[in-house]
Amino acid sequence: MQHTPVNFGSTRAAYIQGAKDALSIPALILGSTYMGFGALVSETGLEVWHALISTAVNWAIPGQIATMELYAINASLFAIAAAVGLINCRLMPMTIVLMPFIRNKTTPKIVYYFMSNFIAVTGWAAAMKLCPKLPEEQRLPYFTGFVIPLWSICMLATFVGYHLPGVLPAEVTMGLVFLNPVYFMLVFLADFTQPGRPTALILGAILGPLTFLFTPNWSLLITGLVAGTIAFLISEHRFKKAQSS
Amino acid sequence: MNGLDSFLSSDFMAPMAALGVAAAVTYFWRGLGVAVSGKMDKDSAIFRWVTCVAYALLAGLIARMILLPIGPLAELGLEQRAGATIISLAVFFLTRKNLLAGVTAGAVALVLMARLGPL
């Protein structure tokens, strides 16, 4: 991945730029999604604390919605662990892929173990786009500056959304929840041309819903491994071809 | 009942167990990702494979969330969600990849269709 380098001048400026980038469209859209999530929790009959704790320590909306849905139908703790674990298994490859682009030599490891809690699609996509272009010491600050304000806004939005049902029609709650996958889809379409990505994205988008029809729980794991491996083999083959010619 | 008692009631604690379990399995993947990444060279073939798997997983999840959602969106028909998605894509490309315009158009279309039925 070769990019034109970007330099904000200082780590402080990188934090600020991260916050600026987060506190525009990402915060607006993810904040709206979390309002929808807050409303959903309130309709489930749980307390506002449950909604806030979910956003705080279970950060990443698909797993949060699944947890609430499963709890609402009285699923066992084991069923919840299995389903949420399989939905969120993507976080491991996402973390592995992001780490080399936010790591630096001086930051203690414990910081990464803490910050990994904030890895989710929006912040991940933003960091994957910009961090490889930044000087090493500005990368983690940019990511931190991006995700902490974003998460704070979403905590607030969860709280506000919890108090919305009854104020907002149910259709609007649906619209708020719908914002999220549509936003993610467009974020990936916007950076679609990065090498190696289109095949993985297209195959994943086809296989994801298809496998879900047969095995909802294992669908994502199968999708990731099968579509990812095929995309990998295709791009390696192309790479070797380009090298030999 | 004072404030502390209400936190210890089963109405409060039973969902907490679910949230705790969800948070633990979620963090497990992130923590494991950090641990594994230290041992992986970013120029290696296995790293490129993991990257492909990550993008495939994300695309699979997003497509599934739109086409076969769990949660409140499941109450709508597939044609309503697909219709709103197509409108969102159309506006996104017509506005030269304006994220805000694309997302807003999709959500507004969905709300209208949920209210008025499919267009």
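Every chain is numbered independently, its residues counted from 1 as its sequence is written. Starting at A for chains and at 1 for ligands, labels are handed out in the order in which the entities are written. In view of the model being predicted, local features appear only for residues whose pLDDT reaches at least 70, and side-chain atom pairs are presented and counted only at 80 or more, with totals across whole chains, interfaces and linings using the full set of residues. Derived side-chain values reflect all non-hydrogen atoms in the structure, with water molecules and hydrogen atoms excluded from consideration.

A.B. asks: Help me understand the domain arrangement of chain A in this model?
C.D. replies: Many authors give the size of an interface as the accessible area that is lost as the parts come together. Residues and elements named next belong to chain A. An automatic or database domain assignment supplies the start and end points of every domain. Segmentation of chain A into domains returns domain 1 (11-180) and domain 2 (192-245). Here the C-alpha centroids of domain 1 and domain 2 sit 25 Å apart. Contacts between the two partners involve five residues from domain 1, matched on the other side by five residues from domain 2. With both chains or domains summed, domain 1 and domain 2 bury close to 420 Å², and 73% of this area falls on carbon and sulfur atoms. The salt bridge definition used is simple: a Lys or Arg side-chain nitrogen within 4 Å of an Asp or Glu carboxyl oxygen. In this assembly, domain 1 and domain 2 are joined by zero salt bridges. In protein, a polar contact requires one atom able to donate a hydrogen and another able to accept it; more generally it is a pair of N or O atoms within 3.5 Å, and residues adjacent in sequence count only if both atoms are side-chain atoms. The tally of links from domain 1 across to domain 2 stands at zero residue pairs in polar contact (both at pLDDT 80 or more). Element by element, the count of residues in the side of domain 1 that touches domain 2 is highest for helix α5 (residues 77-87), at three residues. Ten residues, namely Ala, Val, Leu, Ile, Met, Phe, Trp, Tyr, Cys and Pro, are considered nonpolar, four, namely Asp, Glu, Lys and Arg, are considered charged, and the remaining ones, Gly among them, are considered polar. Tallied by class, residues from the side of domain 1 that touches domain 2 come to five nonpolar, no polar and no charged. Contacts: residue pairs with any heavy atoms within 4.5 Å of one another. Buried area is a sum: the accessible area each of two parts loses on coming together, probed at 1.4 Å, counted once for each and added. Only DSSP runs of H or I covering at least 4 residues are called helices, and only runs of E covering at least 2 are called strands; the numbering of each starts at the N terminus.

A.B. asks: What should I look at first to understand the nonpolar core in this one?
C.D. replies: Note on soluble globular proteins: their nonpolar side chains tend to be buried together. What we call a nonpolar core is a set of buried Ala, Val, Leu, Ile, Met, Phe, Trp, Tyr and Cys residues that are connected through their side-chain atoms within 4.5 Å. Only protein chains enter the accessibility calculation, which uses a 1.4 Å probe; a residue whose area is less than 20% of its type maximum is buried, one above 50% is exposed, and one in between is partly exposed. Ranked by internal contacts, the top residues of the largest apolar core, which has 97 residues, are Trp124(A) and Phe143(A). The element contributing the most residues to this core is helix α3 (residues 45-67) of chain B, with 13 residues. Composition of this core by domain shows at least three residues from each of domain 1 (11-180) and domain 2 (192-245) of chain A. Not counting residues within four places of it along the chain, the set of residues in contact with Trp124(A) comprises Met94(A), Val97(A), Leu98(A), Ile119(A), Phe188(A), Tyr55(B) and Leu58(B). Counting eight residues, the second-largest nonpolar core is a separate cluster that includes Ile80(A), Val84(A), Ala18(B) and Val25(B).

A.B. asks: Looking at this structure, I do not really get the interface of chain B and chain A. What am I missing?
C.D. replies: If you look at the interface, chain B gives 74 residues, while chain A gives 91 residues. Summed over both sides, the interface between chain B and chain A buries roughly 7400 Å², with carbon and sulfur atoms accounting for 81% of that surface. Interface area lost by chain B to chain A is led by Trp29(B), Arg30(B) and Tyr55(B), which between them contribute 11%. Inspection of the region where chain B meets chain A yields two salt bridges. Where chain B packs against chain A, one counts 14 residue pairs in polar contact (both at pLDDT 80 or more). Of all the secondary-structure elements, those providing two or more residues to the side of chain B that touches chain A are α2 (10-37), α3, α4 (78-94) and α5 (99-116) of chain B. For the side of chain B that touches chain A, the element with the highest residue contribution is α2(B), accounting for 23 residues.

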